Amino acid sequence: MLLVSLQPLLQLSFSLVVVVLLLFLLNLSFLPTSATTETATSAGHAIPYPAFEHFPVRETILATKITKIQTIPTDVLDDELNQEHKQNHSSGNGKNEKWRLKLLHRDKMGYSHFVDHHERFHARMKRDVKRVAAIISKISGGGAAAAAATNGGGGESKEATNNYGVEEFGTEVVSGMEQGSGEYFVRIGVGSPPRNQYMVVDSGSDIVWVQCQPCNLCYHQSDPVFDPSLSASFAGVSCGSSICDRVENSGCHSGRCKYEVMYGDGSYTKGTLALETLSFGGTTVQNVAIGCGHRNRGMFIGAAGLLGLGGGSMSLVGQLGGQTGGAFTYCLVSRGTSSSGSLEFGRGALPVGAAWVPLLRNPRAPSFYYIGLSGLGVGGMQLPISEDVFRLSELGDGGVVMDSGTAVTRLPTAAYVAFRDAFLTETASLPRASAVSIFDTCYDLNGFVTVRVPTVSFFLSGGPILTLPARNFLIPVDERGTFCFAFAPSPTGPSIIGNIQQEGIQISFDGSNGFVGFGPNVC
């Protein structure tokens, strides 16, 4: 008779149960249990890229051909928008709700008349210089705006004609963009019934406005100009409204509140303030404060107006408030591709696994989203650059702005020189070319199929590292094979992370909890 002691087996079984239980609890600790833990500061690489890569020169040059870019017809976009209406229809629970829109680069709008990539590139750089100048001007002169914004907060009073608190409409109607610098567009519905319109997306702006009939002076747009008389939900804002009182450069005409936004290049939009219904996919938002522009001057490449996504309370994000939990995310599609990016609103759109860093605020420029930057890297190695050059001071100077409207990343001159020189050292074997536009570091890659180049990295405050592939900083400036290092020095003002460096990477903003996320998704 074989006798077997059960005690060792029971001890082994108990040990296995303990191990499995511990592993299960450990796994749970990495799962998001709320919006707050979901967007906690994280370390590691946002998106893993190697220290060096083989950059496809010939393929990139072919993609610059104007004839290679296919525009999307308006009727096709409207059909796709109807499908998004069905897919995005609100479930009503609010917590994980999200609204998704297709995001288009201006090159796909079909309203440019550039004959080649060289001409298109220089036009983009001219827009970019104006954009950066406008940002610096706005920040340097933001003292009065900051004081007004501070006075505009607090309180629970509501306009009788509006569902939003007065404090949610902010204190001024000022855009961070120069007209003509719009790079990315979405298509939304305006009014009741909704009229689909292209809108420029601008993360540095605190205004939503569209061109309106009667249009005394309007630029060309792809769709019929919005006619308020055909919308059942359009309601003008009266001169006595506290909304009108909080708008800079406001006035009164026939009992209606007038607004006026002037831009540094002489462009402008003038008209009346109104409350209107906007449609985003299957979600309809009522009583959004918009500018109804009757006199507008600028080049928007077919767009009907501007959709401000800035950090101020007059922007769309600020007005939506609790409906989206202060959250939105976008992925900017790379230039010259046939695909589209995306813009999503709502906490359900925030990705799991992103590299999160604190969102910083500048009272002198509440429209802009700031992040902390501790250093720069080339080829996987961090450079000896002091973190102080990127710091946002208590007076609102310096800092690092995330901006969808700026194309080229600007860095403090000292940091840029060290960054550029390190890149030059690692690419010493590549043939150089003369400086082009705002770029002082260019290469003649004509005849190359691929070249080996280092990747570059942003070392973000709190630990995350955002490494960029070569396509996000080595860009073609003509069709002959001239490529330039797409960074530029900024003697004054903040650092700005532009959309060329953001392309292809999901960027998320959790305004309620104060975080900005990078990755893990790409587009």
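Residues numbered from 1 in each chain as written. Predicted model: local features only at pLDDT ≥ 70, side-chain atom pairs only at ≥ 80, totals over all residues. Heavy atoms only, no water.

- An unreviewed UniProt entry lists the protein chain under the name Protein ASPARTIC PROTEASE IN GUARD CELL 2-like, with Coffea arabica given as the organism.

**Section: the sheet that holds strand 17 (residues 373-378)**
Phase 1: Across the sheet, which stays open at both edges, the five strands sit in the order 1-25-24-17-18 with mixed pairing between neighbours. The sheet is open, and its two borders are formed by strand 1 (44-45) and strand 18 (381-382), each paired with just one other strand.
Phase 2: The pairing of strand 1 with strand 25 (residues 464-468) spans two bridges and is parallel. Along strand 25, the bridge assignment pairs His45 with Ile465.
Phase 3: Where helix 9 (residues 413-426) meets the sheet, its contacts fall on strand 17 and strand 24 (456-460), and the angle it forms with strand 17 comes to roughly 20 degrees. (Pairing = 2+ DSSP bridges. Helix = DSSP H or I, 4+ residues; strand = E, 2+ residues; numbered from the N terminus. Contact = heavy atoms within 4.5 Å. Axes fitted to C-alpha atoms, helices over the stretch in contact; angles between N-to-C directions.)

**Regarding the pattern of salt bridges**
Phase 1: Scanning all chains against the criterion turns up ten salt bridges.
Phase 2: A salt bridge links Arg420 to Asp440, with the shortest nitrogen-to-oxygen separation between them at 3.0 Å. Of the two residues, Arg420 is situated in helix 9 and Asp440 in the loop between strand 21 (432-433) and strand 22 (442-444); the sequence distance between them amounts to 20 residues.
Phase 3: Classification of Arg420 by relative accessible area gives buried; the value is 18%.
Phase 4: Given the relative accessible area of 31%, Asp440 is considered partly exposed.
Phase 5: Three or more residues joined by partner-sharing salt bridges are found here, namely Arg131, Asp202 and Asp403. (Salt bridge = Lys/Arg side-chain N within 4 Å of Asp/Glu carboxyl O. Buried < 20%, exposed > 50% of the residue type's maximum accessible area, 1.4 Å probe, protein only.)

**Points about helix 9**
Phase 1: Along its 14 residues, helix 9 runs 20 Å from first to last C-alpha, staying within 8% of the 20 Å computed at 1.5 Å per residue.
Phase 2: Of all the residues in helix 9, the buried ones are Ala415, Tyr416, Phe419, Arg420, Ala422 and Phe423. Burial along helix 9 is one-sided: seen end-on, the buried residues are contained in an arc of 160 degrees. Along helix 9, the residues that are exposed and aim more than 90 degrees away from the buried face are Ala414 and Thr425. (Expected span 1.5 Å × (residues − 1). Arc of directions from axis to C-beta.)

**A few points about the side chain of Gln506**
Phase 1: Here Gln506 is to be found in strand 30 (residues 505-510).
Phase 2: A distance of 3.1 Å separates the side chain of Gln506 from the side chain of Thr329, its partner in a polar contact.
Phase 3: Looking at Gln506, its side chain comes within polar contact range of the side chain of Asn521, at 2.6 Å.
Phase 4: Once residues within four sequence positions are removed from consideration, Gln506 is found in contact with Thr329, Tyr330, Cys331, Ala349, Pro351, Gly517, Phe518, Gly519 and Asn521. (Polar contact = N/O pair within 3.5 Å; in protein donor to acceptor, adjacent residues only side chain to side chain.)

**Some points on unusual backbone geometry**
Phase 1: Between Ser192 and Pro193 the backbone carries a cis peptide bond, its omega angle lying at 0 degrees.
Phase 2: Within the fold, Pro193 resides in the loop between strand 4 (184-190) and strand 5 (195-202).
Phase 3: Following Gln213, the chain continues to Pro214 via a peptide bond in cis, the omega torsion being -5 degrees.
Phase 4: Position of Pro214 relative to the elements: it lies in the loop between strand 6 (208-211) and strand 7 (235-236).
Phase 5: Positive phi is not limited to glycine here, since Ser254 has a value of about 55 degrees.

**Re the pairing of strand 6**
The side chains of a regular strand alternate, first on one face of the sheet and then on the other.
Phase 1: Side chains of strand 6 alternate between two faces, with Val208 and Val210 and Trp209 and Gln211 buried alike.
Phase 2: Where strand 6 lies against strand 12 (residues 305-308), three bridges are found, and the strand directions are antiparallel. Bridge assignment links Trp209 to a residue of strand 12, and that residue is Leu306.
Phase 3: In this structure, strand 6 lies alongside strand 11 (residues 283-297), joined through three bridges in parallel fashion. Bridging from a neighbouring strand, Val210 pairs with Cys292 of strand 11.

**Digging into the nonpolar core**
Phase 1: The biggest cluster of nonpolar side chains holds 76 residues, and the ones touching the most others in it are Phe280, Leu316, Leu343, Phe345 and Phe518.
Phase 2: At five residues, the largest contribution of residues to this core is made by helix 9.
Phase 3: Two domains share this core, each providing at least three of its residues, namely domain 1 (48-63 + 353-522) and domain 2 (169-345).
Phase 4: In this view, Phe518 contacts Ala46, Ala354, Ala355, Val357, Ile371, Met402, Leu460, Leu466, Gln506 and Ile507; residues no more than four positions away in its chain are not counted. (Core = buried A, V, L, I, M, F, W, Y, C linked by side-chain atoms within 4.5 Å. Domains from an automatic or database assignment.)

**Side note on the side chain of Ser461**
Phase 1: Along the chain, the position of Ser461 falls in the loop between strand 24 and strand 25.
Phase 2: A polar atom in the side chain of Ser461 sits 3.3 Å from the backbone nitrogen of Leu373.

**Structural notes on the sheet that holds strand 22**
Hydrogen bonding along the main chain pairs the strands of a sheet, whether they run parallel or antiparallel.
Phase 1: Taken in spatial order, the four strands line up as 21-22-27-26 in an open sheet, and their pairing is antiparallel. The two strands at the open ends of the sheet, each matched to only one other strand, are strand 21 and strand 26 (474-476).
Phase 2: Two strands pair when backbone bridges link them, and strand 26 and strand 27 (residues 482-485) are joined in this way by three bridges, in the antiparallel orientation. Considered in strand 27, the bridge of Ile475 is made with Cys484.
Phase 3: This element, helix 9, spans strand 21, strand 22 and strand 27 of the sheet and lies at about 135 degrees to strand 27.

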